[in-house]
Amino acid sequence: MITVDCRVIPSLKSPLAVYTSDQVGAIPALKIHEFMLAPLGDEGVDATRVIKAIKDFLGSLSIENHFAVIQNKNVISIVAIDDFKLEELPTQATDQFFSCVHCGHVTQFETVHNNHMKIHYL
């Protein structure tokens with residue numbers, strides 16, 4: 001399991017988690033300032049592929065020169081190199097997601113999440 005620290009780019013955390021998990025084939029779990037990537041199978045998540053996916057994502061936004069991606073064991077941090085500030089999007093209730101710990105199903109709605117969780121305990 002790999003943790004990606006997104007404290008310096010909070011407005012990009014959710015889209016980065018989706019992009020990175022698609023690129024490396026992992027299940028994302030969102031937290032307040034970070035997201036975690038769990039492997040789909042028995043093999044772990046390749047940290048070098050995660051780093052490449054993060055750099056590609058930042059490159060697609062043309063902001064790769066303002067951030068460094070640093071790995072320390074199972075934690076990958078995105079660190080600001082200069083004083084570049086991302087425009088903060090206003091946080092709304094739509095920015096909150098519920099993720100299934102069993103299969104990675106993600107939804108914005110708590111009732112849908114609760115109903116989904118019930119299928120794992122039938």
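On a predicted model such as this, the values are computed, not experimentally measured, just so you know. (Residues numbered from 1 in each chain as written. Predicted model: local features only at pLDDT ≥ 70, side-chain atom pairs only at ≥ 80, totals over all residues. Heavy atoms only, no water.)

Novice: Please set out the nonpolar core residue by residue, giving values where relevant.
Specialist: Formed by 23 residues in total, the largest nonpolar core has its most connected members in V4, V50, I54 and I76. Mapped by element, the contributors of at least two residues to this core are strand 1 (2-5), helix 1 (13-24), strand 3 (34-39), helix 2 (47-60), strand 4 (67-72) and strand 5 (75-80). With six residues, the top contributor of residues to this core is helix 2. Aside from chain neighbours lying at most four places away, what touches V50 is I2, V4, T20, V24, L37, V45 and I76. (Core = buried A, V, L, I, M, F, W, Y, C linked by side-chain atoms within 4.5 Å. Buried < 20%, exposed > 50% of the residue type's maximum accessible area, 1.4 Å probe, protein only. Helix = DSSP H or I, 4+ residues; strand = E, 2+ residues; numbered from the N terminus. Contact = heavy atoms within 4.5 Å.)

Novice: An account of the environment of F84 is requested, with residue identities and associated values reported.
Specialist: The residue F84 is located in the loop between strand 5 and strand 6 (98-99) in this model. In the structure, F84 is positioned 17 residues away from F67 in sequence and 8.8 Å away in space, judged by C-alpha atoms. When near neighbours in sequence (up to four residues on either side) are disregarded, F84 contacts I63, H66 and F67.

Novice: I'd like a description of the state of the cysteines, backed by residues and values.
Specialist: All chains considered together, the criterion is met by zero disulfides. Note on C100: no disulfide assigned, nearest cysteine sulfur contributed by C103 at a separation of 3.8 Å. (Disulfide = S-S within 2.5 Å.)

Novice: Summarise helix 3 (residues 110-119); cite the residues concerned and give the values.
Specialist: For helix 3, the set of buried residues is H113, H116 and M117. Down the axis of helix 3, the sector holding all buried residues measures 100°, keeping them to one side. Of the exposed residues in helix 3, those oriented more than 90 degrees away from the buried face are T111 and K118. Those residues of helix 3 hidden inside the fold are in contact with strand 6 and strand 7 (106-107). (Arc of directions from axis to C-beta.)

Novice: Which residues make up helix 2, and what values do they have?
Specialist: Since the α-helix advances by 3.6 residues per turn, residues separated by three or four positions end up pointing in the same direction. Over its 14 residues, helix 2 extends 20 Å from the first C-alpha to the last, a length consistent with the 20 Å expected when each residue adds 1.5 Å. Next to the buried residues of helix 2 lie strand 1, helix 1, strand 3, strand 4 and strand 5. A positive phi of about 60° marks S62, the residue just after helix 2. (Expected span 1.5 Å × (residues − 1).)

Novice: I'd like a description of the sheet that holds strand 2 (residues 26-30), backed by residues and values.
Specialist: Strand order in the open sheet formed by five strands is 2-3-1-5-4, and the pairing between neighbours is mixed. The sheet is open, and its two edges are formed by strand 2 and strand 4, each paired on a single side. Between one strand axis and the next, the sheet turns by 20° as a mean value, whatever way the strands run. Note that strand 1 and strand 3 share four bridges and pair antiparallel. The residue of strand 3 that forms the bridge with T3 is M36. Lying on the sheet, helix 1 is in contact with strand 2, strand 3 and strand 5; it crosses strand 3 at an angle near 15°. Packed onto the sheet, helix 2 meets strand 1, strand 3, strand 4 and strand 5 and runs at close to 170° relative to strand 4. (Pairing = 2+ DSSP bridges. Axes fitted to C-alpha atoms, helices over the stretch in contact; angles between N-to-C directions.)

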